[in-house]
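Examining the three-dimensional arrangement
What follows is each chain in one-letter form.
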Amino acid sequence: MSDYQWCHGPSCHKRKTTTRVRGVKGSKVLRTIKFAVNSYRANSIYKYFCDQTCMHDFIREHIEEFVQLHPRTECLETPIEVEVETRTDYFGNPYKQKAIREVDNNSNP
Ligand SMILES: [Zn+2]
């Protein structure tokens, strides 16, 4: 059993596709898409949007609200170590490559 959701795209009901046409001749409309929230959609951003176009329309219209809700006033940093590893290529020849590893400074040894 699935729950259904109306697409949150602000212009979903204005996009000219046959999947949005509802009603009888003389009183047809373009209607917002309604979709089943299946297991794929339930765990993704597509539980709110019928497709990428509607998702991007929504983001463009509301991005300033998102940023005000979650402002970034300073940079974030991830502690790392850069190590040089010796690896072997397809032909068995050794080569060196830098590898970036995250360091957990809060863990106890
Ligand atoms: Zn939509």
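We now turn to the structure provided with this report. Note that the structure is predicted; figures quoted are calculated from it, not measured.

1. Some remarks on the coordination of the zinc ion
Distances from the zinc ion to its protein donors, Cys7 (SG), Cys12 (SG), Cys50 (SG) and Cys54 (SG), fall at 2.3 Å. Classification of the site at the zinc ion rests on its four donor atoms, whose angles at the metal span 106 to 113 degrees, yielding the label tetrahedral. One chain supplies every donor to the zinc ion, and in sequence these donors are spaced C-x4-C-x37-C-x3-C. Of this pair, cysteine 12 sits in the loop between strand S1 (3-6) and strand S2 (21-22) while cysteine 50 is found in the loop between helix H1 (39-42) and helix H2 (52-69), placing the two residues 38 residues apart along the sequence. Looking at cysteine 50, the relative accessible area reads 15%, which means it is buried.

2. With respect to the pattern of salt bridges
All chains considered together, the criterion is met by five salt bridges. Between arginine 15 and aspartate 51 there is a salt bridge, and its shortest N-O distance comes to 3.0 Å. Taken together, the residues arginine 15 in the loop between S1 and S2 and aspartate 51 in the loop between H1 and H2 connect sequence positions 36 residues apart. On the accessibility criterion, aspartate 51 (24% relative accessible area) is partly exposed. One salt bridge connects arginine 101 with glutamate 85, and the closest N-O pair in it is separated by 1.9 Å. You can see arginine 101 sitting in strand S6 (residues 94-102) and its partner glutamate 85 sitting in strand S5 (residues 80-88), a full 16 residues away along the chain. By relative accessible area, arginine 101 is classed as partly exposed at 36%. Here glutamate 85 falls in the buried class, since its relative accessible area comes to 19%. One connected set of salt bridges, linked through shared partners, spans Glu83, Glu85, Arg87 and Arg101.

3. Some thoughts on the side chain of arginine 41
Within the secondary structure, arginine 41 is located in helix H1. Dropping the residues within four chain positions of it, arginine 41 is found in contact with Phe35, Ala36, Tyr46, Lys47, Phe49 and Cys50.

4. A closer look at the environment of valine 29
Tracing the backbone shows valine 29 in strand S3 (residues 29-30). Residue classification places valine 29 among the partly exposed residues on the basis of a relative accessible area of 40%. Linking valine 29 and lysine 14, residues 15 residues apart in sequence, is a C-alpha distance of 9.3 Å. Apart from residues no more than four positions distant in its own chain, valine 29 is found in contact with Arg20, Val21 and Arg22.

The rules behind each value
Along each chain, residues carry numbers from 1 onward, in the same order as the chain's sequence is written. This being a predicted model, a pLDDT of at least 70 is required before a residue's local features are given, and a value of 80 or more before pairs of side-chain atoms are given or counted; all residues contribute to the totals for chains, interfaces and linings. Values shown for side chains rest on all heavy atoms present in the structure; no hydrogens or waters enter the calculation. Note: metal donors comprise N, O and S atoms at 2.8 Å or less from the metal (3.2 Å for Na, K and Ca); water molecules are not included, so apparent gaps in a site are possible. Any site counts as irregular unless it has four donors with all angles between 85 and 135 degrees, making it tetrahedral, or four or six donors with opposite ones more than 155 degrees apart and the rest between 65 and 115, making it square planar or octahedral. Elements are defined by DSSP. Helices are runs of H or I of four residues or more, strands are runs of E of two residues or more, and each kind is numbered from the N terminus. Each residue is placed in one exposure class: buried if its accessible area under a 1.4 Å probe, protein chains only, is under 20% of its type's maximum, exposed if it is over 50%, and partly exposed if it falls in between. Any Lys or Arg side-chain nitrogen located within 4 Å of an Asp or Glu carboxyl oxygen qualifies as a salt bridge. Residue contacts are defined here by distance: any two heavy atoms, one from each residue, within 4.5 Å place the two residues in contact.

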